[in-house]
Amino acid sequence: PHLVENVFSAGAGDRLVGAVSYSDFPATAAGIPRVGSSRAWSLEAVLALDPDLVMIWGSGNGMDAVSALARLGIPTYVSELRSLADIPASIRAIGRLAGSAAHGEREAVRIEQGIAELRARYAHRARLSVFYQIWHDPLQTINGKHLISKVMELCAGDNIFAKERALAPQVSLESVLRADPAVILAGGMGEARPDWLEGWRRFPRLRAVRTGALLHVNPDLVQRPTARILDGARAVCEQFDDVRDRTGR
């Protein structure tokens, strides 16, 4: 889904002939024929579309098909975005590949400027320890290499599980309580605040509970490495500043 968004950002959305499920932004992406999911797509369905280029998410199962596509003479572009800078760089590259370089360049520059503005604005804010909660059962978070952690860093937030080895590790309740984060920031499944976030209130001594710092962000804005990362970062930064204002930090 993030690749579909980035193709549109690069000005080449009208050239997409196939996509995976959950490719739902922008709204016009809904009309693109589906070839499966990001982890289980059909090579036969892709070939039937006769594409000039196949774009693949490196962390999905698409890497197994790269050699097969190469043998068939179909070029591939592999996307594996790990940093904020990777997003405009990818949009710029897609624009060049799709013949819409000028459009891709404008969008890449807009994103780079937005990130730079946020970095300058929040660089000297008081730092907050943060637990980012992907899900509640099992309790899952992200490590310091994850893009979401980079967004939190941009807002002067420190990921309490930054040193975990796995990109999206499962963690224990006890480890969160020991860390006593200043903020608990939840993603979930969509724009609505997840009901399970309120479950932390059963621990009234937890710092994030005491100060009302149980926050939520639309996961599509921070979990997808797309131009919308700016919207997600702004939302996170503003909420972190609200916490600072309430706690006198």
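Just above, that's the structure.
Residues numbered from 1 in each chain as written. Predicted model: local features only at pLDDT ≥ 70, side-chain atom pairs only at ≥ 80, totals over all residues. Heavy atoms only, no water.

K.L.:
Just give me the short version of the environment of Glu105, but keep the residues and values in it.
P.N.:
Tracing the chain through its elements places Glu105 in helix α5 (residues 101–122). With eleven residues separating them along the chain, Glu105 and Ile94 place their C-alpha atoms 9.8 Å apart. A polar side-chain atom of Glu105 sits 2.6 Å from a polar atom in the side chain of Arg92. (Helix = DSSP H or I, 4+ residues; strand = E, 2+ residues; numbered from the N terminus. Polar contact = N/O pair within 3.5 Å; in protein donor to acceptor, adjacent residues only side chain to side chain.)

K.L.:
Give me the lowdown on the packing of aromatic side chains, citing residues and values where you can.
P.N.:
Counted according to the given criterion, the structure contains four aromatic pairs. Ring geometry for Phe131 versus Phe161: centroids 5.8 Å apart, planes at 75 degrees, classification edge-to-face. Here the residue Phe131 occupies a position in strand β3 (residues 128–133), and Phe161 occupies one in the loop between β6 (157–159) and α7 (173–179), the gap between them amounting to 30 residues. The residues Phe131 and Phe161 share a single accessibility class, namely buried. Summarising the aromatic geometry, the rings of Phe131 and Trp200 are spaced 6.0 Å apart at their centres and angled 80 degrees between planes, so their arrangement reads as edge-to-face. Here the residue Phe131 occupies a position in strand β3, and Trp200 occupies one in the loop between β7 (183–186) and α8 (207–210), the gap between them amounting to 69 residues. Exposure remark for Phe131: the relative accessible area of 0% places this residue in the buried category. On the accessibility criterion, Trp200 (4% relative accessible area) is buried. An aromatic cluster is defined as three or more aromatic residues linked by ring pairs; in this entry it consists of Phe131, Phe161, Trp200 and Phe203. Across from the ring centre of Phe25, 3.8 Å away, lies the NZ or CZ of Arg228, which sits over that ring. (Phe/Tyr/Trp six-rings, centres within 6.5 Å; stacked < 30°, edge-to-face > 60°. Buried < 20%, exposed > 50% of the residue type's maximum accessible area, 1.4 Å probe, protein only. Lys NZ or Arg CZ within 6 Å of the ring centre and 35° of its normal.)

K.L.:
Residues and numbers for helix α10 (residues 229–247), please.
P.N.:
Given a rise of 1.5 Å per residue, 19 residues ought to cover 27 Å, and the 27 Å separating the end C-alpha atoms of α10 matches this to within 8%. All of the buried residues in α10 are Ile229, Leu230, Gly232, Ala233, Val236, Cys237, Phe240, Asp241, Val243 and Arg244. All buried residues of α10 lie within an arc of 165 degrees about the axis, which places them on one face of the element. In the stretch just after α10, Gly248 is the one whose phi turns positive, near 70 degrees. (Expected span 1.5 Å × (residues − 1). Arc of directions from axis to C-beta.)

K.L.:
Describe the side chain of Asn6, naming the residues involved and giving the relevant values.
P.N.:
When you line up the elements, Asn6 lands in helix α1 (residues 2–9). With residues up to four places along the chain from it excluded, the contact list for Asn6 reads Leu81, Ile91, Ile94, Pro225, Thr226 and Ala227. (Contact = heavy atoms within 4.5 Å.)

K.L.:
Quick one: what's the story with the sheet that holds β6, residue by residue and with numbers?
P.N.:
The four strands lie next to each other as β6-β3-β7-β8, forming an open sheet whose pairing is parallel. Looking along the sheet, the strands with just one partner apiece sit at the ends: β6 and β8 (214–216). Averaged over all adjacent pairs, the angle separating strand axes in this sheet is 35 degrees, with direction ignored. As paired strands, β7 and β8 are joined by three bridges and run parallel to one another. Paired with Leu185 across the bridge in β8 is Leu215. Contacting β3, β6 and β7, helix α6 (residues 147–154) runs over the sheet at an angle of about 150 degrees to β6. (Pairing = 2+ DSSP bridges. Axes fitted to C-alpha atoms, helices over the stretch in contact; angles between N-to-C directions.)

K.L.:
Break down the nonpolar core for me, with residues and values.
P.N.:
If you look at the biggest cluster of nonpolar residues, it comprises 55 residues, and the most contacted ones within it are Tyr132, Val183, Leu185, Trp200 and Phe240. Broken down by element, this core gets its largest block of residues, seven residues, from α10. Apart from the residues lying within four places of it in its own chain, the contact partners of Tyr132 are Gln140, Thr141, Ile142, Ile148, Met152, Leu185, Ala186, Gly187, Val217, Val222 and Gln223. Ile56, Ala65, Val66 and Leu69 belong to the second largest nonpolar core, which has ten residues in total. (Core = buried A, V, L, I, M, F, W, Y, C linked by side-chain atoms within 4.5 Å.)

K.L.:
How would you summarise the layout of surface pockets if you had to cite specific residues and measurements?
P.N.:
Empty space within the largest pocket amounts to approximately 1200 Å³. Lining of the largest pocket is provided by 35 residues; of these, Trp57, His146, Asp220, Gln223 and Arg224 occupy positions nearest its centre. Of all elements in the fold, only α6 and α9 (220–223) reach the threshold of two or more residues within the lining of the largest pocket. Split by residue class, the lining of the largest pocket holds 15 nonpolar, twelve polar and eight charged. (1 Å grid on protein atoms, 1.4 Å probe; cavity = no way out; pocket = protein on both sides within 12 Å on 5 of 7 lines; lining within 4 Å. Points joined across faces, edges and corners; volume = space filled by probe spheres on them. Nonpolar A, V, L, I, M, F, W, Y, C, P; charged D, E, K, R; others polar.)

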